[in-house]
Amino acid sequence: QVQLVESGGGLVQAGGSLRLSCAASVNIFSINALGWYRQAPGTQRELVARITSGYSTNYADSVKGRFTISRDNAKNTVDLQMDSLKPEDTAVYYCNANIFKGVDPRFPNGMDYWGKGTLVTVSS
């Protein structure tokens, strides 16, 4: 069982920055992928950024060049640095841990774990 706790959300003006942090209750060294997703009112939850155990990253086109995802295995955290924020970035942001089946003996069948979310509001 993985507990994910997000922090760092809040209200910021357009053009400003926020740094979201997700703290995991277990060692994340071998977790295949950690990611940030977001969901705005009336929309589907979408991938924002993802980072693998090998430190490769993926970003949504809408945030490329503005957001940076990172992971700190020593602290068991995954952060999302959000710069040049736009009102369109307003959403609840969720941390996700994706464990592939048959890879991590702690989770032999694989699992998707989600945090409860943190609200980011970007004003015009």
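Residues numbered from 1 in each chain as written. Predicted model: local features only at pLDDT ≥ 70, side-chain atom pairs only at ≥ 80, totals over all residues. Heavy atoms only, no water.

Q: Please give an account of the pattern of salt bridges that cites residues and values.
A: By the definition in use, this model includes six salt bridges. With its nearest N and O atoms 2.9 Å apart, the salt bridge here joins Glu46 to Arg38. When its relative accessible area of 6% is taken as the criterion, Arg38 is described as buried. Ionic pairing is found between Asp89 and Arg66, a salt bridge with its closest N-O pair at 2.7 Å. Of this pair, Asp89 sits in the loop between strand E8 (77-82) and strand E9 (91-99) while Arg66 is found in the loop between strand E6 (57-59) and strand E7 (67-72), placing the two residues 23 residues apart along the sequence. Taking relative accessible area as the criterion, Arg66 reaches 10% and is therefore assigned buried. Because the salt bridges share partners, they merge into one network encompassing Arg38, Glu46, Arg66 and Asp89. (Salt bridge = Lys/Arg side-chain N within 4 Å of Asp/Glu carboxyl O. Buried < 20%, exposed > 50% of the residue type's maximum accessible area, 1.4 Å probe, protein only. Helix = DSSP H or I, 4+ residues; strand = E, 2+ residues; numbered from the N terminus.)

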